[in-house]
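Read off the chains here:
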Amino acid sequence: MDFDLSDTLTSALPEQWAPHLTDGVSALIVLSLAACAALLLHALLYRVLLARIEKRFGMTRSLLRRARRPLSVAFVLASLIFTVPRTNLDRQVEDVIEHAALVLLIVLVGWLLIVLTNHFADRSTRRFNLDVDDNLGARKHVTQLRLLKRTTNIIIVLVTAGAALLTFEGVQEYGVSLFASAGAAGLVLGLAARPVLTNLIAGIQIAITQPIRLEDVVIVESEWGWVEEIFATFVVVRVWDRRRMVVPLSYFIEQPFQNWTRESAQVIGAVTWNLDYTVPVQRMREKLNEFLEESSLWDHDVANLQVVETGEKSVKIRALMTARTSPRVWDLRCEVREKMLEWLRDAYPRALPRTRGELQVDGRGHWGETTSDGRQAR
């Protein structure tokens, strides 16, 4: 049997207060008390549930923690649904509150969907460890999960906002007229939404095809760095000097770039020297192997030294070496470069680049010096 909460409140108050209470004020007090009671009930039930499942149900506890705020809104919404029909409100005010409750319900459903998406995506992500050297498989799965999670969240927000707006009559009429006329308004909206939609679709493509992954080593716009984070519309690249590059997702679909860890974290590093023609190549090759054996950075895979170019004044010698990750390759290259220069300076100083000249004496006793670049001085 229905009863009027406003009349119940009026009868419960002292008689001298009753004449001063209008229907609107009494209804507002009833709604406020109902909302406070709902929040108190939510807090009590929430604490009891957490205490009972503290140790036995880790997944349920984590989900309850994430859903705490949406559930509090659900309790308030339930209190409104129960209380509003039992107050002395005008029909127009009641319609406004019912409409607000409907919008709140739509927002609540979208909010809970986002909470569930984030919860299950984050739990799946925790199974993969990115801190090991051979983390190719982990980076692949974590990248897919994070991109799909953020894309799903954006879609849920857009659908929820659209559903909430469609509850207003003015928006419904505008939407019908917009769909009915394939005119300039639709074209303008499409062009305005193009950057967002382009990056959103690019995010889905990257999640599926994976030209980049988290912690991939890339060269973008001549900058060398790591993929630090992939968001729904842009990528943050951590440059080697701790700067951050913010790049649209569509860039990695439309523009060429270098990915050093596409198939494996192992990278081949190269070190080059421009030296004199008298350099002992075989001794350098032996010394390179010696340096690599002494280094803890080398992975014992590739070690090679060759003369790759000969010029007018010098020869170019290149050494190749590998390490498990690109930062280790960088350090290994610097180490080998320094040690080789020190060894050449001490053991074969004439092998370092130099300029040659010839001393010529003619029949009259004059002499001249011709340098290796063809100039002559007297």
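About the cut-offs
Residues numbered from 1 in each chain as written. Predicted model: local features only at pLDDT ≥ 70, side-chain atom pairs only at ≥ 80, totals over all residues. Heavy atoms only, no water. 1 Å grid on protein atoms, 1.4 Å probe; cavity = no way out; pocket = protein on both sides within 12 Å on 5 of 7 lines; lining within 4 Å. Points joined across faces, edges and corners; volume = space filled by probe spheres on them. Helix = DSSP H or I, 4+ residues; strand = E, 2+ residues; numbered from the N terminus. Nonpolar A, V, L, I, M, F, W, Y, C, P; charged D, E, K, R; others polar. UniProt positions renumbered as here; feature names shortened; annotations may be inferred. Salt bridge = Lys/Arg side-chain N within 4 Å of Asp/Glu carboxyl O. Buried < 20%, exposed > 50% of the residue type's maximum accessible area, 1.4 Å probe, protein only. Phe/Tyr/Trp six-rings, centres within 6.5 Å; stacked < 30°, edge-to-face > 60°. Contact = heavy atoms within 4.5 Å. Pairing = 2+ DSSP bridges. Axes fitted to C-alpha atoms, helices over the stretch in contact; angles between N-to-C directions. Parallel < 35°, antiparallel > 145°, perpendicular 65-115°, else oblique. Left-handed = near helix turned anticlockwise from the far one by under 90°. Core = buried A, V, L, I, M, F, W, Y, C linked by side-chain atoms within 4.5 Å.

- An unreviewed UniProt entry lists the chain under the name Small-conductance mechanosensitive channel, from Palleronia pelagia.

Here's the deal with empty space enclosed by the protein
Then step 1. Within the structure shown, the criterion is met by 1 cavity of 30 Å³ or more.
Then step 2. For the largest cavity, the calculated volume is near 30 Å³.
Then step 3. Lining the largest cavity are Trp224, Trp260, Ser326, Val329, Trp330 and Arg333.
Then step 4. For the lining of the largest cavity, the leading source of residues is helix 11 (residues 326-347), giving 4 residues.
Then step 5. A class-by-class count of the residues in the lining of the largest cavity yields 4 nonpolar, 1 polar and 1 charged.

Digging into the UniProt feature "transmembrane region" (unreviewed entry) in the chain
Then step 1. What UniProt calls "transmembrane region" (unreviewed entry) maps, in this numbering, to residues 27-50, 71-89, 101-121, 147-168 and 174-193.
Then step 2. End C-alpha to end C-alpha, residues 101-121 measures 30 Å, and it is 100% helix and 0% strand.
Then step 3. The distance separating the terminal C-alpha atoms of residues 147-168 is 33 Å; by composition the span is 86% helix and 0% strand.

A look at the pattern of salt bridges
Then step 1. Counted according to the given criterion, the structure contains 14 salt bridges.
Then step 2. One salt bridge connects arginine 146 with glutamate 229, and the closest N-O pair in it is separated by 3.2 Å. Linking arginine 146 in helix 6 (residues 136-165) with glutamate 229 in strand 2 (residues 223-230), this pair joins segments that are 83 residues apart in sequence.
Then step 3. On the basis of relative accessibility, which here comes to 25%, the residue arginine 146 falls in the partly exposed class.
Then step 4. Put simply, Glu215, Glu228, Arg238 and Arg244 are held in one network by salt bridges that share partners.

Brief notes about the packing of aromatic side chains
Then step 1. For the coordinates displayed, the defined rule picks out 7 aromatic pairs.
Then step 2. Connected via pairs of aromatic rings, a cluster forms that spans Trp224, Trp226, Trp260 and Trp330.

Describing the environment of valine 76
Then step 1. Here valine 76 is to be found in helix 4 (residues 68-83).
Then step 2. C-alpha separation for the pair valine 76 and alanine 101, spaced 25 residues apart in sequence, amounts to 9.7 Å.
Then step 3. With near-sequence residues (within four places) excluded, valine 76 lies in contact with Ala35, Ala38 and Leu39.

Some thoughts on the sheet that holds strand 2
Then step 1. Overall, antiparallel pairing links the 5 strands, which are arranged 4-3-2-1-5 in an open sheet. The sheet terminates laterally at strand 4 (244-248) and strand 5 (258-259), the two strands that pair on one side only.
Then step 2. Summarising the sheet, strand 3 (residues 234-239) and strand 4 pair through 5 bridges and their orientation is antiparallel. Paired with valine 235 across the two strands is valine 247, which belongs to strand 4.

Here we look at the packing of helix 10 (residues 281-294) against helix 11
Then step 1. The N-to-C vectors of helix 10 and helix 11 enclose an angle of 135 degrees; their axes lie 10 Å apart at closest approach. What the angle tells us is that helix 10 and helix 11 run oblique. Handedness of the helix 10/helix 11 crossing: right-handed. Where helix 10 abuts helix 11, its residues Arg283, Met284, Lys287, Leu288, Phe291, Leu292 and Glu294 lie against Leu332, Val336, Lys339, Met340, Trp343 and Leu344.

Things to note about the nonpolar core
General note: in soluble globular proteins, nonpolar side chains tend to be found buried as a group.
Then step 1. Judged by nonpolar contacts, the single largest core of 21 residues is most densely connected at Trp273 and Met284.
Then step 2. When contributions to this core are tallied by element, the ones reaching two or more residues are strand 6 (267-275), helix 10, strand 8 (315-323) and helix 11.
Then step 3. Take this core: its biggest share by element is 5 residues, from helix 11.
Then step 4. Leaving out residues up to four positions away in the same chain, methionine 284 has contacts with Trp273, Leu275, Val279, Leu305, Ile317, Met340, Trp343 and Leu344.
Then step 5. Val142, Leu214, Val218 and Tyr251 belong to the second-largest nonpolar core, a separate cluster that totals 19 residues.

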